[in-house]
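Structural characterization, general
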Amino acid sequence: PEDIRVYEFAEACGKSPAEVITVLFGLGMMVTKNDFLKQDELEILGEEFGIEVTVKDALEDANYVEDYQEEEIDESNFVTRPPVVTIMGHVDHGKTSLLDKIRSSKTAASEAGGITQHITAYTIKQNNQKITFVDTPGHAAFSAMRARGASVTDIVIIVVAADDGVKQQTEEVISHAKAANCPIIVAVNKMDKEGANMDMVKAQMAERDMTPVDWGGEIEFIPVSAKTGEGIDDLLENILLQSEILELSADPEAKAKATVVEASLEKGRGPVATVIVQNGTLRVGDNIVCDTTYGRVKAITNDLGKQVKELGLSETGRVLGLNEVPVSGTIMVAQDSDKEAKDIATTRAEHARAKELSKSTKVSLEEMSGLI
Ligand code: GTP
Ligand code: MG
């Protein structure tokens, strides 16, 4: 993948670049006609235009460092892990408010140390069971994660405002969630508002193949209010039910593998990556590689801003110690030695550079031959 540009794709399927750009733009992906399309973007475009897209790598990637080397999997070490839940929905339908309300209602103020600002990811406990929440990383980041095979989300919550109903981005989110192939729960928010209409939302969703359980379908609709807190316990109970059905498990003893959901350069701290642990336990002192970046975990702060020594399965925290800011959606993997971590990152960087060079010097038909 990543070998075909927008205009080449357009040409290959008889569309104008503008048509292709418009579709992607509608999904929150900003591209120009010279940008390379990612696997998931190609899939979406294929769906949108009703064509089958298969992409073959024109460049032989055989020598590329084995991506995220899968360890020997020993299921005997597997334990149940908490679900990771992503909240998505139309602008202003209350994603952030809902997340903040859940967090504040489940975290004692003292524990949170008075932290009130919004954070991207956090873990709460409901009936002594953990749930990790992630705010919409934005469609683009969500797609990037999927494109990299990072299926960080176990369950998607689609927030729909009860007084506004299904909107354009709701529809986009539905198709993203379906593509991600994970269970969906619909949180019908703003139930406190005048004009809130649960049945309207259900009808609109049913039209889009999202039929409520009480209408004979499979999707749970939970009425909630991020303002009053109504329905939040129902929502959490429902998440735990879905999670039980999924039988999520992983190996806490394995080498740590975590997904970066956000990263930035912080003054005085260097690159900071917010991660969610998918397998193993991430510890201070671990040698890590994250795509083309690497380093040693210097410090970890949890979602309450406290320093911790380690992050367990499905837990989230901010990791210090990488040499550069990693891209969201990339996977952080612990390595046996600092040399190993550095070697992998360096080889990947070289490979990426070589590929970039070959792209700019040779955008040929050969590269496109695998398309369609
Ligand atoms: P974006 O991140 O911009 O897409 O929006 P969002 O989905 O995160 O929505 P946000 O939480 O920022 O809420 C948008 C507005 O709706 C804010 O003014 C909230 O106060 C209001 N709001 C959110 N939830 C509720 C609710 O349950 N009831 C009422 N009355 N207002 C709500
Ligand atoms: Mg928001």
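Our subject is the structure listed above.
Here goes a summary of the coordinates provided.

How each quantity is defined
Residues numbered from 1 in each chain as written. Chains lettered and ligands numbered in written order. Predicted model: local features only at pLDDT ≥ 70, side-chain atom pairs only at ≥ 80, totals over all residues. Heavy atoms only, no water. Near = heavy atom within 4 Å. Polar contact = N/O pair within 3.5 Å; in protein donor to acceptor, adjacent residues only side chain to side chain. Helix = DSSP H or I, 4+ residues; strand = E, 2+ residues; numbered from the N terminus. Nonpolar A, V, L, I, M, F, W, Y, C, P; charged D, E, K, R; others polar. Phe/Tyr/Trp six-rings, centres within 6.5 Å; stacked < 30°, edge-to-face > 60°. Buried < 20%, exposed > 50% of the residue type's maximum accessible area, 1.4 Å probe, protein only. Lys, Arg positive; Asp, Glu negative; His and termini not counted. Salt bridge = Lys/Arg side-chain N within 4 Å of Asp/Glu carboxyl O. Patch = residues over 30% accessible without salt bridge, like charges linked within 9 Å, V, L, I, M, F, W, Y side chains within 5 Å. Areas by Shrake-Rupley, 256 points an atom, 1.4 Å probe, with all protein chains shown as cover. Charge placed at Lys NZ, Arg CZ, Asp CG, Glu CD.

Here we take up the site of ligand 1. Residues in close proximity to ligand 1 total 15 residues, the closest being K95, T96, S97, D192 and A226. One of the backbone N or O atoms of A226 is found 2.8 Å from an oxygen atom in ligand 1. Sort the elements by how many residues they give to the shell around ligand 1 and helix 4 (residues 95-106) lands first, with three residues. Among the residues forming the shell around ligand 1, the class breakdown is two nonpolar, seven polar and six charged.

Moving on: the packing of aromatic side chains. Applying the stated rule across the entire model yields one aromatic pair. Ring geometry for Y122 against F133: centres 5.7 Å apart, planes inclined by 40°, an arrangement best described as tilted. Linking Y122 in strand 3 (residues 121-126) with F133 in strand 4 (residues 129-135), this pair joins segments that are eleven residues apart in sequence.

Attention now goes to the side chain of K95. Considering the arrangement of structural elements, one finds K95 in helix 4. At 6.4 Å, D135 is the nearest oppositely charged side chain to K95, a buried residue that forms no salt bridge. Separated by 3.1 Å, the side chain of K95 and the backbone oxygen of G89 make a polar contact.

For the structure shown, the criterion picks out 14 salt bridges. Of the charged contacts in the structure, one is a salt bridge between K130 and E315, with a shortest N-O distance of 2.6 Å. With K130 in strand 4 and E315 in the loop between strand 15 (310-311) and strand 16 (316-322), the pair connects residues that are 185 residues apart, well separated along the chain. K255 is the salt-bridge partner of D336, the closest N and O atoms lying 3.6 Å from each other. Here D336, found in the loop between strand 17 (331-335) and helix 9 (338-361), pairs with K255, found in the loop between strand 8 (249-250) and strand 9 (257-266); they are 81 residues apart in sequence, far enough to count as distant. With relative accessibility at 57%, the residue D336 sits in the exposed group. A relative accessible area of 27% places K255 in the partly exposed class. One salt-bridge network, in which partners are shared between bridges, spans E171, E207 and R208.

This brings us to helix 3 (residues 39-49). Within helix 3, burial applies to D40, E41, L42, I44, L45, G46 and F49. Count one or two residues on from helix 3 and you reach G50, which has phi positive near 65°.

Together, D192, E230, D234 and E237 make up a negatively charged patch on the protein surface. By the secondary structure assignment, D234 is in helix 8 (residues 232-246). Using a relative accessible area of 48% as the deciding quantity, one classes D234 as partly exposed.

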